[in-house]
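Single-letter residue listing:
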Amino acid sequence: MKKITLTTLLMALVGFLMISCERDITEPTISSNPAGPELANLSLNVPFNVNNADSLVRFSWSAADFGFKASVTYMVQLSPKSDFSENVANLITTQQLSGSATVDAINTLILSWNYSIGENVTVYYRVAATVSPYVETVYSEIKSAAFVPYDAVINYPMIYVPGSYQGWSPGAENGRLFSYGFNSIYQGIIRLKDGDNPTVEFKVTLSPNWNGPNYGGTLTKSGVDYTGVLDPDGGNYVVDAGTYKFNVNVDALTISLTKTDDWGIIGSAVPPYDWSQDVDMFYNGQRKVWEITADFNAGEFKFRANDDWALNYGDTGGDGTLDAGGDNIPLPEAGNYTIRFDPEKLTYTIKKN
């Protein structure tokens, strides 16, 4: 009888403790109206220009409130659109209530949106707060700031392509490839033309001289393109004259050349000033644009590929955006100019020197 009573009491006690534990557990409840962070105005204490490229633009905000204690991730988002309908960039991701980015990072972002150097641009920014993929993100109010993007050149690592087309000169400006990812892959566009010779010879060097490793070998042709390996004991590479996109991997010791368009400029403003022939542009791999610096007359011009009208660009409407077969681009005043052209973004700039 005593055993039964004791067992009964123990079971009752366990049941009571379980009920008590259940009552003590409080499950988190997500607020039906979570509060987004309150965003302060960004802080930049120096001019937005290339001289202050490493200076910091600072952002700060208050904590978001989801109705329960949680680890919140915040993202500072930028966009050129006030409604964040496109080109939304996550500039900073943090679990703190502040963050910073360099002037150069914001400048690079603005230029990636195809805004022109020297153009006043309104940039909109906000803070997004999230606790889980299953919980709706909340946002701060949207604020804005005006920036004028500046001309900036990134110092990418380089290797070199000396050859018969440029006097076998390692380090020459017209024979450079760049590691845009700061890794073992080097890329660029090079015009391989040696007068009227049907073929061109070249090698690849890791230094702007002949003192370091240099590579050659035999290339396999497929259509108008080539592939091969980097052989430290190889002879000169030989290809048909033309303009090629290079892709060189110095770790894998591979090389490929892909035939691409060769761009020039033509018009009444361009020597010989009568629309009779193109003047070749130079591919600036560091800027990733085609460019030319020369004396021009007042007149008009267009960009043309491969000395032919099959592919040409002008600017219909004068909005700074290029159009296939578009209107002639006016140059109202004679002088020495640097003209740059990006066939990927379909933008161009004209700068009087």
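Residues numbered from 1 in each chain as written. Predicted model: local features only at pLDDT ≥ 70, side-chain atom pairs only at ≥ 80, totals over all residues. Heavy atoms only, no water.

**Topic: the side chain of Asp278**
For Asp278, the position within the fold is in the loop between strand S19 (263-266) and strand S20 (279-280). By relative accessible area, Asp278 is classed as buried at 11%. Looking at Asp278, its side chain comes within polar contact range of the side chain of Arg304, at 2.4 Å. (Helix = DSSP H or I, 4+ residues; strand = E, 2+ residues; numbered from the N terminus. Buried < 20%, exposed > 50% of the residue type's maximum accessible area, 1.4 Å probe, protein only. Polar contact = N/O pair within 3.5 Å; in protein donor to acceptor, adjacent residues only side chain to side chain.)

**Considerations on helix H2 (residues 103-112)**
Here H2 has its buried residues at Val103, Ile106, Asn107, Leu109 and Ile110. Each buried residue of H2 sits inside an arc of 160° when the element is viewed along its axis, so together they form one side. Those residues of H2 that are buried are in contact with strand S1 (56-60), strand S2 (73-79), strand S3 (89-94), strand S4 (98-102), strand S5 (121-130) and strand S7 (143-147). Directly beyond the C-terminal end of H2, a positive phi value near 70° is found at Asn114. (Arc of directions from axis to C-beta. Contact = heavy atoms within 4.5 Å.)

**Remarks on the side chain of Thr338**
Here Thr338 is to be found in strand S27 (residues 335-342). A distance of 3.1 Å separates polar atoms of two side chains, one belonging to Thr338 and the other to Asn353. Excluding anything up to four places from it in sequence, Thr338 contacts Ile292, Thr293, Thr349, Ile350, Lys351 and Asn353.

**So, the pattern of salt bridges**
Taken as a whole, this structure holds 7 salt bridges when the rule is applied. Among the ionic pairs, Asp151 bridges to Arg287, the shortest N-O distance being 2.5 Å. Of this pair, Asp151 sits in the loop between S7 and strand S8 (158-160) while Arg287 sits in the loop between strand S21 (282-284) and strand S22 (289-296), placing them 136 residues apart in sequence. Overall, the relative accessible area of 30% leaves Asp151 in the partly exposed class. Between Arg304 and Asp278 there is a salt bridge, with its nearest N and O atoms 2.4 Å apart. Residue Arg304 is found in strand S23 (residues 299-305), and its partner Asp278 is found in the loop between S19 and S20; the two are separated by 26 residues along the sequence. Each member of the pair Arg304 and Asp278 is classed as buried. (Salt bridge = Lys/Arg side-chain N within 4 Å of Asp/Glu carboxyl O.)

**Digging into the environment of Trp113**
Inspection of the secondary structure puts Trp113 in the loop between H2 and S5. We classify Trp113 as buried; its relative accessible area is 11%. On a C-alpha basis, the gap between Trp113 and Asn87 in space is 7.3 Å, while along the polypeptide they are 26 residues apart.

All we've got here are geometric facts, nothing functional implied.
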